[in-house]
Amino acid sequence: MTFLLALSGAIDWLLERIARTAGWLFFALVAVIVWDVITRKLGFQIPGFGSTPIQELEWHLHGALFLFWLGYAYVRNVHVRIDVFTANLSPRKAAWLEVGGIVAFAIPYTSVAIYFAFLFAQTSFIQNESSNAPNGLGYRWIIKSCLFFGLALLMASVVSVLCRNVVLLFGPKHLAERAVVRAAAR
């Protein structure tokens with residue numbers, strides 16, 4: 001059980017580092033949005049580089065930020081969820097509900113999504129896919145690879161939360177208390 005808590009802690013640490021590093025993309029996103037707004041307002045565009053690639057870059061950066069933060073949001077318990085069912089439950093009952101949801105929904109869905117996201121990115125890479133717009137961005141496989149990696153990070157976070165809840169449910173009291181404390185601190 002100590003191993004499960006250590007594994008959960010290591011995964012959480014890695015997810016936090018990735019999320020904090022990817023957070024720097026936010027500054028790039030703000031700069032791209034500001035550039036887009038200013039150039040549209042002034043009517044100035046870089047010759048041969050209109051607003052289409054800028055707008056595509058905006059959604060690529062939005063997507064990358066979301067995907068690289070998704071797993072971290074889940075382990076921190078700050079993701080969107082309906083707490084109506086768990087608000088008045090004891091930690092053990094909430095853990096049972098979480099484990100049931102992970103086993104029945106999160107692991108199967110994320111496994112299938114990872115598989116197809118990999119094929120999606122692989123096909124894009126092999127075809128050297130680019131934007132359909134004549135002056136759009138190339139290398140579409142980069143953002144499609146972000147989908148694969150973001151889902152892999154989500155799966156890692158699911159494993160972390162599952163480990164923590166298994167310790168809470170089946171571990172000795174002192175480790176179960178640590179698992180509850182870690183879950184509550186998030």
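Relevant structure appears above.
This write-up is about the structure you can find in this document.

Thresholds, definitions, all that
By convention here, each chain's residues receive numbers from 1 onward along its written sequence. With pLDDT at 70 or above as the cut-off, local features in this predicted model cover only qualifying residues; side-chain atom pairs require 80 or more to be listed or tallied, and sums for whole chains, interfaces and linings still use all residues. Water and hydrogen atoms were dropped before computing side-chain values, which therefore reflect all heavy atoms in the structure. A patch is a set of surface residues, each over 30% in relative accessible area and not in a salt bridge, joined within 9 Å for like charges and within 5 Å for the nonpolar side chains Val, Leu, Ile, Met, Phe, Trp and Tyr. Per-residue accessibility takes into account occlusion by the displayed protein chains alone, with areas from the Shrake-Rupley method and a 1.4 Å probe. A carboxyl oxygen of Asp or Glu within 4 Å of a side-chain nitrogen of Lys or Arg is what we treat as a salt bridge. Every helix listed is a DSSP run of H or I at least four residues long, and every strand listed is a run of E at least two residues long, numbered separately from the N terminus. Buried means the residue's accessible area, taken with a 1.4 Å probe over protein chains only, is under 20% of the maximum for its type, while exposed means over 50%, and partly exposed covers the values in between. We define a nonpolar core as any set of buried Ala, Val, Leu, Ile, Met, Phe, Trp, Tyr and Cys residues linked to one another through side-chain atoms lying within 4.5 Å.

Things to note about a nonpolar patch on the surface
Where nonpolar side chains cluster on the molecular surface, the patch consists of Trp 24, Phe 26, Phe 27, Val 30, Val 34, Trp 35, Ile 38, Leu 42 and Phe 44 and spans about 970 Å² of accessible area. Assignment of secondary structure puts Val 30 in helix H2 (residues 25–42). Of the residues examined, Val 30 reaches a relative accessible area of 35% and is grouped as partly exposed.

Quick word on the nonpolar core
By size, the foremost hydrophobic cluster in this structure holds 32 residues, and its most contacted members are Leu 15, Phe 68, Tyr 74, Ile 102, Cys 146 and Leu 151. Looking at this core, the elements with two or more residues in it are helix H1 (2–22), helix H3 (51–75), helix H4 (91–126), helix H5 (141–170) and helix H6 (173–185). Residues Leu 29, Val 32, Leu 61 and Leu 65 belong to the second largest nonpolar core, which totals 5 residues.

Quick look at unusual backbone geometry
One non-glycine residue, Asn 77, adopts positive backbone phi at about 60°. Of note, Asn 77 is situated in the loop between H3 and H4. For Asn 128, which is not glycine, the phi torsion reads 50° and is therefore positive. Locating Asn 128 in the fold gives a position in the loop between H4 and H5.

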